[in-house]
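Close look at the chain arrangement
Residue-level listing of the chains:
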Amino acid sequence: MITFTLCLLALIAGYFLYGRFIERVFGPDDRKTPALTRADGVDYIPLPTWKVFMIQFLNIAGVGPIFGAIMGAMFGTASYLWIVLGSIFAGAVHDYLAGMLSLRHGGESLPEIIGRYLGLTTKQVMRGFTVILMMLVGAVFVASPAGLLAKLTPGCLDNTFWIIVIFVYYILATLLPVDKIIGKVYPLFAIALIFMAVGILVMLYVKHPALPELWDGLQNTHPKAAGNPIFPMMFITIACGAISGFHATQSPLMARCMTSERHGRPIFYGAMITEGIVALVWATVATYFFHKEGMGITDASVVVFDISKGWLGAMGGVLAILGVVAAPITSGDTAFRSARLIVADFLGLEQKSMRKRLYICIPMFVIAVGLLLYSLRDADGFQQIWRYFAWANQTLSVFTLWAITIYLVNARRNYWVTLLPALFMTVVCVTYICFDLRRYVEVSLPQNMPYLVGLLSLLVSAVWFTMWKRKQTPERTKHL
C-alpha cells in the first residue's frame, strides 16, 4: 500500500506541477473559442466548464482504465510505474495539447490536425484509420457493459437485450445535439463513476492489503510471461490508463463546447490524470485479487463484479458496477459521434441538418453492427477485435504526438515534452507489431527480432526528425 499511496500522490502532484508547466508551454490566451464563434446548436454549443470536464472524463474513461489496468496488473508492480509516468508525462500531455490545437483551429477533428502538420497523405490515411478505430471502439464498448448489466438484472434481460438497448442509445447520442442526451445524462453517469472510484479507493485503505511494493522488484508476474514480456505487451495492454490515441479523437468534441482556452488544463490534462487515478485503483485491486486471493485473472469483468459486491455490499456494489458500466458506454457513444464529425469534415457536409447526419450515420452503424456480431461470435472474436483496437489506439497516439511535436517546433516552443513520448511510443508500437506478426509467420524468426526492429524504428525516427528540424529556419517558423 505504500507504493499505491506514493503513486496516488505523484499523480495529483503531476497535475499541479507538470500540468502547469505544459500549460505555459502552450500559452492559452483570451481569444474567442469555436463554441462562441461557430455556434450551430448541434455540435458547437457553449457548456459550463464543470460539465465539459465531466463529459471529457467520461468520453475517455472507457474499459481501458478499468479492464486494461486489471489485465495490466498481471505484469506486476511495473504496471504502477507506467500508469503514473505514462499519465503525467505522455497521456495528459498528449490529451491537453491535442485538445488545445483543436481549440485553436476551430474545433478541427483529429485527422485534420494531424494532416495540418504531417501532410496531406498522412491526413487521408488518418481519416480512414481513425474512423475504423472509432468503429472498433463502438464494437468493443458494447459487450462488456452489456455483460455486467445482465448479471445485475433478471434472466429475461439477458446479454442480447442489453446490447440492443446500448446500441439504440449510441444511435440517439450520435444523432441528437450534444446538449440533448450527452449533456443531460453524463452528470448522472459521472456520479456513478466517481462513487465507484472513491468507494474502491476508500476500501483499499480500510482493508489495507499486503501487496508487493516497487522495491520488491519489477519482475514479470504474468502467468504466461514467456509470451508476454513487459515490454511492449504491458504498454499496449494498459493503454487508456496511461496514454491513448482515442482520447485525442474525443478532445475536439469538447473543444467545440469550451468558452475559454484557460479551461484547457482542468478539462484535458485533469481528465487524463483522473483517469490515471481510476486505472491505479483498479490495478491495485487486481493485484490484491491476483496475489491475496490466489486467483488468476482470466476475465476482468469477474474481478470488477466480485470486488465491487464483496467490498461495498449489495447496494454499494451495484452503484460501483454501474460506474464501471458508465465508463465504456460514455466512450462508445462519443466514438460514433467523433466518427460522424470526422466523415463530415472530410466530405464537407454541414451537420445542422438531421438528413445530412443520417447520410453518414446509416452506413456507419451498419459497419459497426457487423464488427459487433464478429466480436460476439466467440471469445476469440472479442479478443481479436480487442487486439486490433489496442494496437490501433496506441498507433494513433504516435501520429498525434508527432503532429504536436511539429507544431511545437514551428511555434518555437519546448518540443521535447512530446518528442520523447513520441519516440518511446513509436518503439512500443513497432515492437508490438513485430511480436504480433510472429504469430502469423510460419518461418522461425530470431527471439530478439522485435526488439531489434523497435530499436531501428527509434533510430530512423530520431534521424528523420533531426534532418527535418535542421531545414527549419526562423523564416519558415512563426510564433503561433
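First, a word on what this report is: a plain description of the structure on this page. (Residues numbered from 1 in each chain as written. Predicted model: local features only at pLDDT ≥ 70, side-chain atom pairs only at ≥ 80, totals over all residues. Heavy atoms only, no water.)

Before going further, it helps to spend a moment on the state of the cysteines. The final tally for this structure, using the stated rule, is zero disulfides. Of all cysteine sulfurs in the structure, the one in cysteine 429 sits closest to cysteine 240, which takes part in no disulfide; the separation is 13 Å. Its relative accessible area of 1% is what places cysteine 240 among the buried residues. (Disulfide = S-S within 2.5 Å. Buried < 20%, exposed > 50% of the residue type's maximum accessible area, 1.4 Å probe, protein only.)

Let us look at empty space enclosed by the protein. As enumerated under the stated definition, the model contains three cavities of 30 Å³ or more in all. Taken together, Ser109, Leu110, Pro111, Thr249, Pro252, Leu253, Arg256, Ser338, Leu341 and Ile342 make up the lining of the largest cavity. Listed by contribution, the elements that provide at least two residues to the lining of the largest cavity are helix H7 (110-118), helix H12 (245-255) and helix H14 (300-347). Looking at side-chain class alone, the lining of the largest cavity contains six nonpolar, three polar and one charged residues. (1 Å grid on protein atoms, 1.4 Å probe; cavity = no way out; pocket = protein on both sides within 12 Å on 5 of 7 lines; lining within 4 Å. Points joined across faces, edges and corners; volume = space filled by probe spheres on them. Helix = DSSP H or I, 4+ residues; strand = E, 2+ residues; numbered from the N terminus. Nonpolar A, V, L, I, M, F, W, Y, C, P; charged D, E, K, R; others polar.)

Our next topic: helix H10 (residues 182-207). Taking 1.5 Å per residue, 26 residues should reach 38 Å; H10 reaches 36 Å between its end C-alpha atoms and fits that length. Immediately beyond the C-terminal end of H10, within one or two residues, lies histidine 208, with a positive phi of roughly 45°. (Expected span 1.5 Å × (residues − 1).)

This part takes up the packing of aromatic side chains. To describe a pair of aromatic rings, you give the distance between the ring centres and the angle between the ring planes. For the structure on display, the rule yields 28 aromatic pairs. Consider the rings of phenylalanine 53 and phenylalanine 57, whose centres lie 6.3 Å apart with planes at 10°: the pair is stacked. In this pair, phenylalanine 53 and phenylalanine 57 both sit in helix H4 (residues 49-60), four residues apart, roughly one turn of the helix. For the pair phenylalanine 235 and phenylalanine 424, a centre-to-centre distance of 5.4 Å together with 75° between the ring planes defines the contact as edge-to-face. Linking phenylalanine 235 in helix H11 (residues 230-238) with phenylalanine 424 in helix H17 (residues 416-437), this pair joins segments that are 189 residues apart in sequence. For phenylalanine 424, a relative accessible area of 33% corresponds to the partly exposed category. Each member of the aromatic cluster is reached from another via a ring pair, and the members are Trp402, Tyr415, Trp416, Trp464, Phe465 and Trp468. Here the basic side chain of arginine 265 rests over the ring of tyrosine 15, its NZ or CZ set 4.8 Å away from the ring centre. Seen from the ring of phenylalanine 26, arginine 413 lies directly overhead, with NZ or CZ sitting 5.8 Å from the centre. (Phe/Tyr/Trp six-rings, centres within 6.5 Å; stacked < 30°, edge-to-face > 60°. Lys NZ or Arg CZ within 6 Å of the ring centre and 35° of its normal.)

The next point concerns the nonpolar core. Grouped together as the largest cluster of nonpolar side chains are 156 residues, with contacts concentrated most on Ile66, Tyr170, Met196, Tyr269, Trp282, Val285 and Ile307. If one sorts the elements of this core by residue count, helix H13 (residues 264-291) sits on top with 16 residues. Residues in contact with tyrosine 170, not counting those within four places in the same chain, are Gly138, Phe141, Val142, Pro328, Ile329, Gly332, Asp333, Phe336 and Phe365. (Core = buried A, V, L, I, M, F, W, Y, C linked by side-chain atoms within 4.5 Å. Contact = heavy atoms within 4.5 Å.)

Time to look at the environment of aspartate 30. Relative to the helices and strands, aspartate 30 resides in the loop between helix H2 (18-26) and helix H3 (34-37). Between the C-alpha atoms of aspartate 30 and arginine 262, which are 232 residues apart in sequence, the distance is 7.6 Å. Within polar-contact distance, the side chain of aspartate 30 engages the side chain of arginine 262 at 2.8 Å. (Polar contact = N/O pair within 3.5 Å; in protein donor to acceptor, adjacent residues only side chain to side chain.)

Attention now goes to the layout of surface pockets. Picture a little ball the size of a water molecule; that probe, rolled over the atoms, points out where space is still empty. Estimated volume of the second largest pocket: approximately 260 Å³. Arg38, Tyr44, Arg256, Asp345 and Leu349 are the residues nearest the centre of the second largest pocket, which is lined by 17 residues in total. Grouping the constituent residues of the lining of the second largest pocket by class yields four nonpolar, five polar and eight charged.

The subject of this paragraph is the packing of H17 against helix H18 (residues 449-470). It is the contact of H17 with H18, at a shortest axis distance of 8 Å, that shows an interaxial angle of 145°. The two elements H17 and H18 cross, and the hand of that crossing is right-handed. On H18, the residues that touch Leu419, Leu423, Thr426, Val427, Val430, Thr431, Cys434 and Phe435 of H17 are Met449, Pro450, Tyr451, Val453, Gly454, Ser457, Leu458, Ser461, Ala462 and Phe465. Of the residues contributing to the contact of H17 with H18, the split by class is 13 nonpolar, five polar and no charged. (Axes fitted to C-alpha atoms, helices over the stretch in contact; angles between N-to-C directions. Left-handed = near helix turned anticlockwise from the far one by under 90°.)

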